[in-house]
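Understanding the architecture of this molecule
Each chain, written out:
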Amino acid sequence: MTYKLLSRAALAAAAALIAACNPIPDTVKIGVAQPLSGPLAPLGRDMVNGVQLAVNDLNKRGVVIDGKKVTLEVVTADDKANPEAGKAAAQQLIEAKVTAVVGHLNSGVSIAAAPLYAAAHIPQLAISTKPEYTRQGLPTTFRLVANDALQAKAMGSYAARSLNGSSYAVIDDSTPYGKGLADAAAAQIQQLKKDVTLRKSLDDKTTDFAALIPELQQAKVDVIVTTLADFQVLALIDQLARAGMKHMQILGGDTIKTDKLLKTELPIKGVYATSPIIEPREFLQGKVFLDRYREAFKSDPVYGSHYAYDAVWVLVAAMQRAKTVDGEKLTAELKRIDALAPVTNNVRFREDGEQHYGVVSVYAARGGVWEALTRSDAW
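The text that follows walks through the structure, step by step, so that each part is easy to find. Values in this document were obtained by computation on a predicted structure and should not be read as measured data.

Considerations on the packing of aromatic side chains
Using the criterion set out here, one finds six aromatic pairs in the structure. Ring geometry for F289 and Y293: centres 5.9 Å apart, planes at 50°, overall tilted. A residue pair is termed a helical-turn pair when its members lie 3 or 4 positions apart in one helix, as F289 and Y293 do in helix α9 (residues 286-297) at four residues. Each member of the pair F289 and Y293 is classed as buried. On the numbers, 5.4 Å between centres and 65° between planes, the contact of F289 with Y309 is edge-to-face. Of the two residues, F289 is situated in helix α9 and Y309 in helix α10 (residues 305-322); the sequence distance between them amounts to 20 residues. Three or more aromatic residues joined by ring pairs form one cluster here, namely F289, Y293, F297, Y309 and W313. A cation over an aromatic ring shows up here: K257 above the ring of Y363, its NZ or CZ 4.4 Å from the ring centre. Over the face of the ring belonging to F283 we find R375, whose NZ or CZ atom lies 5.4 Å from the ring centre.

Given below as structure tokens:
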């Protein structure tokens, strides 16, 4: 009897020691680092809303990790869409002792902040698309969507196979993001035996295309693939139409998939956009999310809030499976888990942090909406 009591006491002491070494706090903090000021604030706030909605839903349902009920809490930081501000935001969240971070929106900011999160063993779940984000050799970088390598392939493939042009122009905005995406798209078009007869780098503010129009005419271009922004493409469309080039088709990246392109009649043959951010309405459970979002925030989502929402559910599932909020163990679990996400169906990270289920959609600007045409995870 004495032996059994001692054994039980020893076991209890060991269990207490283990719990003390790996405590689960009463409140588990989820960090959100996004641009909350400046031109991109609506997109950043949308991501915060997605996290907050998930936290509200999960707290209402009840979250238990290794037998302990916990409360989730959102901690936000403004990265101002700037790499240096992003590093400051990351440090702010680290000092707040967050368990994981949903951040950042911009690739340059995500890349700059990633080493700080890695040093603190904090998983970073980003919606950023530049491939370099997950190529830094850091264990804590995770991507929620497809990367630009797949988007470039989608741009080139759809332009070559579906727009059926005889002569292609590829035009970028001279930013590292835009030029890299355009270069890869041009290579894909050429790989599919189509002629890229004009390759141009402008800048990210150009709206006067007087010098470009004659070059397009001389090269007999009928399809333009571009990484210019929405306001630039609107100006280009207007100038093409005035030059009598209404036969032109334009395919852009996700920088043109905005309401600006839908608020005016487009006087050319077609305008298309690719995006790794698949709209909620395209998912089976999207309507439920949209209804919940509208009820909570009295507005429609504007960008990637549904990915942020799912990210929190996946994080909680990983904590529950790992039975801990320890950063290193949580990171390891995130690379194993194949989670059922409430909106986007599935989330699974590869060993390098890339999203296994990432896809890119193609949309057409028609009838005041971006009409989904097709999507693929391969292209």
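Additional details are given in the paragraphs that follow.
Section: the environment of L240
Positionally, L240 belongs in helix α8 (residues 230-242). L240 gets classed as buried once you look at its relative accessible area, which sits at 0%. Sequence spacing of L240 and P267 is 27 residues, and the spatial spacing of their C-alpha atoms is 8.8 Å.

Some points on the packing of helix α2 (residues 41-61) against α9
Look at α2 against α9: their axes get within 11 Å of each other, and the N-to-C directions meet at 100°. In this view, α2 runs roughly perpendicular relative to α9, as classed from their interaxial angle. Between α2 and α9, the residues in contact are D46, N49, L53 and D57 and F289, R292, Y293, A296 and F297, respectively. A class-by-class count of the residues in the contact of α2 with α9 yields five nonpolar, one polar and three charged.

Some words on the nonpolar core
The biggest cluster of nonpolar side chains holds 79 residues, and the ones touching the most others in it are L216 and I224. A total of eleven residues in this core trace back to one element, the largest contributor, which is α10. Other than its neighbours up to four places away in sequence, L216 contacts A169, L198, V221, I224, L240 and M245. A182, A186, V223 and V360 belong to the second-largest nonpolar core, a separate cluster that totals 24 residues.

Some words on helix α11 (residues 327-334)
Those residues of α11 not exposed but buried are G327, L330, T331, E333 and L334. Along the axis of α11, the buried positions cluster into a sector of 165°, meaning they face one direction only. Contact partners of the buried residues in α11: β5 (124-126), β6 (141-143) and α10. Between the side-chain oxygen at the start of α11 and the backbone nitrogen of E328 there is a gap of 3.3 Å, and the oxygen is on D326.

Notes on the pairing of strand β3 (residues 68-78)
Bridge count between strand β1 (residues 27-34) and β3: eight bridges; the pairing is parallel. Pairing of V28 across the sheet is with L72, part of β3. Where strand β2 (residues 63-65) and β3 come together, three bridges link them in antiparallel fashion. Looking at the pairing, I65 lines up with K68 of β3.

Description of the environment of A317
Tracing the backbone through its elements, the reader meets A317 in helix α10. For A317, a relative accessible area of 23% corresponds to the partly exposed category. Along the chain, A317 and P276 lie 41 residues apart, while their C-alpha atoms are 24 Å from each other.

Here we look at the packing of α2 against α10
At their nearest, the axes of α2 and α10 sit 7 Å apart, and the two run at 40° to each other. On the basis of the axis angle, α2 is oblique to α10. Between α2 and α10 the crossing geometry is right-handed. Each of D46, M47, G50, V51, L53, A54, V55, D57, L58 and R61 in α2 lies in contact with α10, whose residues at this interface are S305, A308, Y309, V312, W313 and V316.

Conventions adopted
Residues numbered from 1 in each chain as written. Predicted model: local features only at pLDDT ≥ 70, side-chain atom pairs only at ≥ 80, totals over all residues. Heavy atoms only, no water. Phe/Tyr/Trp six-rings, centres within 6.5 Å; stacked < 30°, edge-to-face > 60°. Helix = DSSP H or I, 4+ residues; strand = E, 2+ residues; numbered from the N terminus. Buried < 20%, exposed > 50% of the residue type's maximum accessible area, 1.4 Å probe, protein only. Lys NZ or Arg CZ within 6 Å of the ring centre and 35° of its normal. Axes fitted to C-alpha atoms, helices over the stretch in contact; angles between N-to-C directions. Parallel < 35°, antiparallel > 145°, perpendicular 65-115°, else oblique. Contact = heavy atoms within 4.5 Å. Nonpolar A, V, L, I, M, F, W, Y, C, P; charged D, E, K, R; others polar. Core = buried A, V, L, I, M, F, W, Y, C linked by side-chain atoms within 4.5 Å. Arc of directions from axis to C-beta. Polar contact = N/O pair within 3.5 Å; in protein donor to acceptor, adjacent residues only side chain to side chain. Pairing = 2+ DSSP bridges. Left-handed = near helix turned anticlockwise from the far one by under 90°.

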